[in-house]
Amino acid sequence: MRDLAQLRDAIDAVDRELLAVLNRRAALANEVGELKRKEGSTVYRPEREAQVIHNLQQRNPGPLKAAQVATVWREIMSACRSLEAPQRVAYLGPKGTFSEQAAVEFFGSSIEHVPCVNFDEVFQAATSGTADFGVVPVENNSEGVVTRSLDLLLHSPLHIVGEISLLVRHHLLRLSPSLDGVEVVLAHPQALAQCQGWLSKHLPGAERRAVSSNAEGARLAATNPAWAGIASERAGSEFGLHVAAHAIQDEAFNRTRFAVVCLPQVLAAPQASGQDCVSLVVSVPNRPGAVHDILAPLKRHGVSMTRFESRPARSGQWEYFFYIDLQGHPSQPQVAAALAELQSLCAFYKVLGTYPVAD
Ligand SMILES: O=C(O)C(=O)C[C@]1(C(=O)O)C=C[C@@H](O)C=C1
């Protein structure tokens, strides 16, 4: 049996080997980057990254678990990608928001951050080229759809190339680790709503004050010992706060889905991965049975619908846009046939994106 010092020496030796091998990989990525610059082709290739991870998981003898292999290689490829060209990602800031967390989980931590003040600015950044990609929330399982994101997708030249689903855990953050003496709780109205049961029970006397984002609440909580914020652990460490209470959201499985958007010239629609989704927005002529009719081609071709949301068209005529998610990829004949038929029945039809579904 080796003692701790010997085991650490062995780890140090392996780390030196790893470092040399990783740098060889990084040098290869640099060469790929040069090639792509000459060709003018896209740096980020999600299908290639998925394939790299899949191949490694197939060959993985353990003891590392498949999910750990994926986590490690996502970061390695994020670092290699950033050597080819820094990927600028816009999201609702400031630092410490769940949108930032979604951006980092999707692209890995080697990205250039473009924090924005609202969703409109995220779309603007990715449209104007200030950022390569945008990450916006589209749906929360307790609060419903994020209407501004859906409205912006409707008229935007950006398309969805990926999605990520985050388990949103809200923590009570403050300068002290205890709950004593909290007079004001600051957070985004959605977070205050998602934690109202806990707040009524544990801090009944504290004032609830709405602010522009949870990260902003955390920033303010760092300025006053009688204040607390509700935000992510990430926001807590960003502003040097203690977690005075963990996971205070009333819903245990509070999930938010985020869409990753970009211009088609930055990244074309990803190829089929085997588990894909097509997001559409359509409107139908204003006549009885029209909504029923657009669903018929899906049934006929055996295509499953995973989402159906309506939003007012704001035409003043009780017209609606329908946001529809379908399972599959347009390269599959039955999906292509269903889409073509559906399109022929719609007054308005736009594919918002085709992308691999989140794990
Ligand atoms: O294979 C490529 O096209 C690369 O650029 C290399 C690499 C990688 O690190 O493996 C990096 C970025 C791409 O998103 C895909 C893969």
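The name recorded for the chain in an unreviewed UniProt entry is Bifunctional chorismate mutase/prephenate dehydratase, from Ramlibacter aquaticus. Its UniProt record, at the heading Subcellular location (unreviewed entry), says of the chain: "Cytoplasm". Taken from UniProt, the Function (unreviewed entry) comment for the chain reads in full: "Catalyzes the Claisen rearrangement of chorismate to prephenate and the decarboxylation/dehydration of prephenate to phenylpyruvate."

**Student:** Run through the site of the ligand, naming residues and quoting values.
**Tutor:** Taken together, the residues surrounding the ligand are Arg-25, Val-32, Lys-36, Val-43, Tyr-44, Arg-45, Arg-48, Glu-49, Met-77, Cys-80, Arg-81 and Glu-84. Between an oxygen atom of the ligand and a side-chain N or O atom of Lys-36, the distance comes to 2.6 Å. The separation between an oxygen atom of the ligand and a polar main-chain atom of Arg-45 is 2.9 Å. Looking at the shell around the ligand, the elements that each hand over two or more residues are α1 (4-39), α2 (46-59) and α3 (66-84). In terms of residues, the shell around the ligand owes the most to one element, α3, which gives four residues. Among the residues forming the shell around the ligand, the class breakdown is five nonpolar, no polar and seven charged.

**Student:** Just give me the short version of a nonpolar patch on the surface, but keep the residues and values in it.
**Tutor:** A surface patch of nonpolar side chains, amounting to about 230 Å² of accessible area, comprises Val-14, Leu-18 and Leu-22. Take Val-14: it is sitting in helix α1.

**Student:** Explain the side chain of Lys-36 to me, and be specific about the residues and the numbers.
**Tutor:** Mapped onto the secondary structure, Lys-36 falls in helix α1. Contacts of Lys-36, omitting those with residues within four sequence positions, involve Ser-41, Thr-42, Val-43, Arg-45 and Glu-84.

**Student:** Could you give me a rundown of the domain arrangement of the chain, with the residues and numbers involved?
**Tutor:** Along its sequence, the chain is organised into domain 1 (1-84), domain 2 (86-168 + 254-268), domain 3 (175-244) and domain 4 (276-356). Between the C-alpha centres of domain 2 and domain 3 the distance comes to 25 Å. Counting residues at the interface gives 13 residues for domain 2 and 12 residues for domain 3. Of the roughly 960 Å² buried between domain 2 and domain 3 on both sides combined, carbon and sulfur atoms contribute 55%. Of all residues in domain 2, Lys-95, Gly-96 and Glu-143 give up the largest surface area on contact with domain 3, accounting jointly for 42% of the area buried on that side. Its salt-bridge partner being Arg-234, residue Glu-100 comes within 2.8 Å of it at the nearest N-O pair.

**Student:** Just give me the short version of a negative patch on the surface, but keep the residues and values in it.
**Tutor:** A grouping of Asp-3, Asp-9, Asp-12 and Asp-15 is seen on the molecular surface, where their side chains present a negatively charged patch. Mapping Asp-9 onto the fold places it in helix α1. Looking at Asp-9, the relative accessible area reads 52%, which means it is exposed.

**Student:** Can you explain the sheet that holds strand β7 (residues 184-187)? Please cite residues and give values.
**Tutor:** In space, the five strands of this open sheet follow the order β8-β7-β9-β6-β10, with mixed pairing throughout. Looking at the sheet topology across the chains shown, the edges are occupied by β8 (207-210) and β10 (242-245). Here the strands of the sheet are splayed against their neighbours by 35° on average, with no regard to which way each runs. Note that β7 and strand β9 (residues 227-231) share three bridges and pair parallel.

**Student:** Please give an account of the UniProt feature "domain: Chorismate mutase" (unreviewed entry) in the chain that cites residues and values.
**Tutor:** UniProt feature "domain: Chorismate mutase" (unreviewed entry): in the numbering of this structure it lies at residues 1-88. Taken end to end, residues 1-88 has its terminal C-alpha atoms 49 Å apart, with 78% of it in helix and 1% in strand.

**Student:** How would you explain α3 if you had to name every residue and give the values?
**Tutor:** Between its terminal C-alpha atoms α3 stretches 27 Å, which fits the 27 Å expected from 19 residues at 1.5 Å a residue. Among all positions in α3, only Val-69, Ala-70, Ile-76, Met-77, Ser-78, Cys-80, Arg-81 and Glu-84 are buried. Of the surrounding secondary structure, the elements contacted by the buried residues of α3 are α1, α2 and α4 (98-107).

**Student:** Tell me about the pattern of salt bridges, and name the residues and values.
**Tutor:** If you walk through the whole model with that rule in mind, you get 15 salt bridges. We note a salt bridge from Glu-84 to Lys-36, for which the minimum N-O separation is 3.4 Å. Taken together, the residues span a long stretch of sequence, with Glu-84 in helix α3 and Lys-36 in helix α1 at a distance of 48 residues. As far as burial versus exposure is concerned, Glu-84 and Lys-36 are alike and both buried. Lys-95 serves as the salt-bridge partner of Glu-100, at 3.0 Å between the closest nitrogen and oxygen. Connected through shared salt-bridge partners, Glu-139, Glu-163, Arg-257, Arg-307 and Asp-325 make up one network.

The rules we used
Residues numbered from 1 in each chain as written. Predicted model: local features only at pLDDT ≥ 70, side-chain atom pairs only at ≥ 80, totals over all residues. Heavy atoms only, no water. UniProt positions renumbered as here; feature names shortened; annotations may be inferred. Near = heavy atom within 4 Å. Polar contact = N/O pair within 3.5 Å; in protein donor to acceptor, adjacent residues only side chain to side chain. Helix = DSSP H or I, 4+ residues; strand = E, 2+ residues; numbered from the N terminus. Nonpolar A, V, L, I, M, F, W, Y, C, P; charged D, E, K, R; others polar. Patch = residues over 30% accessible without salt bridge, like charges linked within 9 Å, V, L, I, M, F, W, Y side chains within 5 Å. Areas by Shrake-Rupley, 256 points an atom, 1.4 Å probe, with all protein chains shown as cover. Salt bridge = Lys/Arg side-chain N within 4 Å of Asp/Glu carboxyl O. Contact = heavy atoms within 4.5 Å. Domains from an automatic or database assignment. Buried area = accessible area lost by both parts, 1.4 Å probe. Lys, Arg positive; Asp, Glu negative; His and termini not counted. Charge placed at Lys NZ, Arg CZ, Asp CG, Glu CD. Buried < 20%, exposed > 50% of the residue type's maximum accessible area, 1.4 Å probe, protein only. Pairing = 2+ DSSP bridges. Axes fitted to C-alpha atoms, helices over the stretch in contact; angles between N-to-C directions. Expected span 1.5 Å × (residues − 1).

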